[in-house]
Amino acid sequence: MDVKEKKIKEYNEYVKKVTPTHNLPLNMLKAFLVGGAICTIGQWITNFGLAQGLTKEVAGGWTSLILIALSILLTGLNIYPSIAKFGGAGALVPITGFANSVAAPAIEFQKEGQIFGIGCKIFTISGPVILYGIFTSWLLGLGYYILMKVGVIL
């Protein structure tokens with residue numbers, strides 16, 4: 001074995017040693033538990049609003065606002081990153097994860113000032129989601145409009 005092959009073998013062994021291994025079933029269970037807990041809290045808030053006499057739409061709006069506020073508060077207290085690390089996609093997919101993705105850069109870059117810190121960095125993570133969400137909505141709306149005009153959709 002020449003020197004080059006030996007270095008490649010040593011490098012591959014090193015990579016295998018330092019690369020973290022993931023337990024997919026365990027990660028899926030954690031995501032399910034955390035996402036389920038967030039959704040359960042949301043359902044409790046909705047049920048409470050309905051019990052107070054709110055309409056379904058108003059209770060749903062309050063639920064979204066409260067979940068977003070809790071996410072931002074937990075992000076500011078540096079608790080949400082631990083929840084996200086444990087729960088993975090279970091914490092990042094719901095509305096709370098989106099609120100966290102807006103709040104975290106604002107907190108991280110506040111020392112750089114209002115304009116160049118918060119203003120420029122606040123949408124670094126969520127910006128593409130907003131952009132492509134709006135663009136996809138526009139495309140689907142255009143497609144719907146065209147299908148209505150041609151008579152495919154009544």
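Before reading on, note that the structure itself is shown above.
Per chain, the residues get numbers from 1 upward, laid out in the order the sequence is written. Given that the model is predicted, a residue must reach a pLDDT of at least 70 before its local features are reported, and side-chain atom pairs must reach 80 or more before they are shown or counted; all residues, however, enter totals for whole chains, interfaces and linings. With hydrogens and water excluded, all non-hydrogen atoms of the structure serve as input to the side-chain values.

The subject of this paragraph is a nonpolar patch on the surface. Patches were defined on residues exceeding 30% relative accessible area and lacking a salt bridge, with like-charge contacts within 9 Å and nonpolar side-chain contacts (Val, Leu, Ile, Met, Phe, Trp, Tyr) within 5 Å. Note on areas: these come from Shrake-Rupley sampling with a 1.4 Å probe, and a residue is covered only by the protein chains present in the view. A side-chain nitrogen of Lys or Arg and a carboxyl oxygen of Asp or Glu constitute a salt bridge if their distance falls within 4 Å. On the surface, Ile41, Trp44, Leu54, Val58, Trp62, Leu65, Ile66, Leu70, Leu73, Leu77 and Ile79 cluster together to form a nonpolar patch covering roughly 1000 Å² of accessible area. Where helices and strands are cited, they refer to DSSP runs of H or I of at least four residues and of E of at least two residues respectively, numbered from the N terminus. Secondary structure elements with two or more residues in the nonpolar patch: helix H2 (24-51) and helix H3 (56-76). Counting residues per element, the nonpolar patch draws most heavily on H3, at six residues. The topology assignment puts Ile66 in helix H3.

In this structure, Val34, Ile38, Tyr80, Ala84 and Ala91 together form the largest nonpolar core, which totals five residues. Elements with a minimum of two residues in this core: H2 and helix H4 (80-87). Take the buried Ala, Val, Leu, Ile, Met, Phe, Trp, Tyr and Cys residues and link them wherever side-chain atoms come within 4.5 Å; each set so joined is a nonpolar core. Each residue gets one of three labels from its accessible area relative to the maximum for its type: buried under 20%, exposed over 50%, partly exposed in between, using a 1.4 Å probe on protein chains only.

What follows covers the packing of H2 against H3. Relative to each other, H2 and H3 sit at 135 degrees, their axes nearing to 8 Å. The orientation of H2 relative to H3 falls into the category oblique. Here H2 and H3 pass one another in a crossing that is right-handed. Here Ile38, Ile41, Gly42, Ile45, Thr46, Gly49 and Leu50 of H2 come into contact with H3, specifically with Lys56, Ala59, Thr63, Ile66 and Leu67. Residue polarity follows a fixed list, in which Ala, Val, Leu, Ile, Met, Phe, Trp, Tyr, Cys and Pro are nonpolar, Asp, Glu, Lys and Arg are charged, and the others, Gly among them, are polar. Taken together, the residues of the contact of H2 with H3 sort by class into seven nonpolar, four polar and one charged. Inter-axis angles, ranging from 0 to 180 degrees, are taken between N-to-C directions of lines fitted to C-alpha atoms, where helices are fitted over the stretch in contact. When an angle is under 35 degrees it counts as roughly parallel; over 145 it counts as roughly antiparallel; between 65 and 115 it counts as roughly perpendicular; any other value is oblique. The handedness criterion is simple: a crossing whose near helix is rotated anticlockwise from the far helix by less than a right angle is left-handed, and one whose near helix is rotated clockwise is right-handed. Residue contacts follow a heavy-atom distance rule, with two residues in contact if any of their heavy atoms lie within 4.5 Å.

Function cannot be inferred from these measures alone, as they are strictly geometric.
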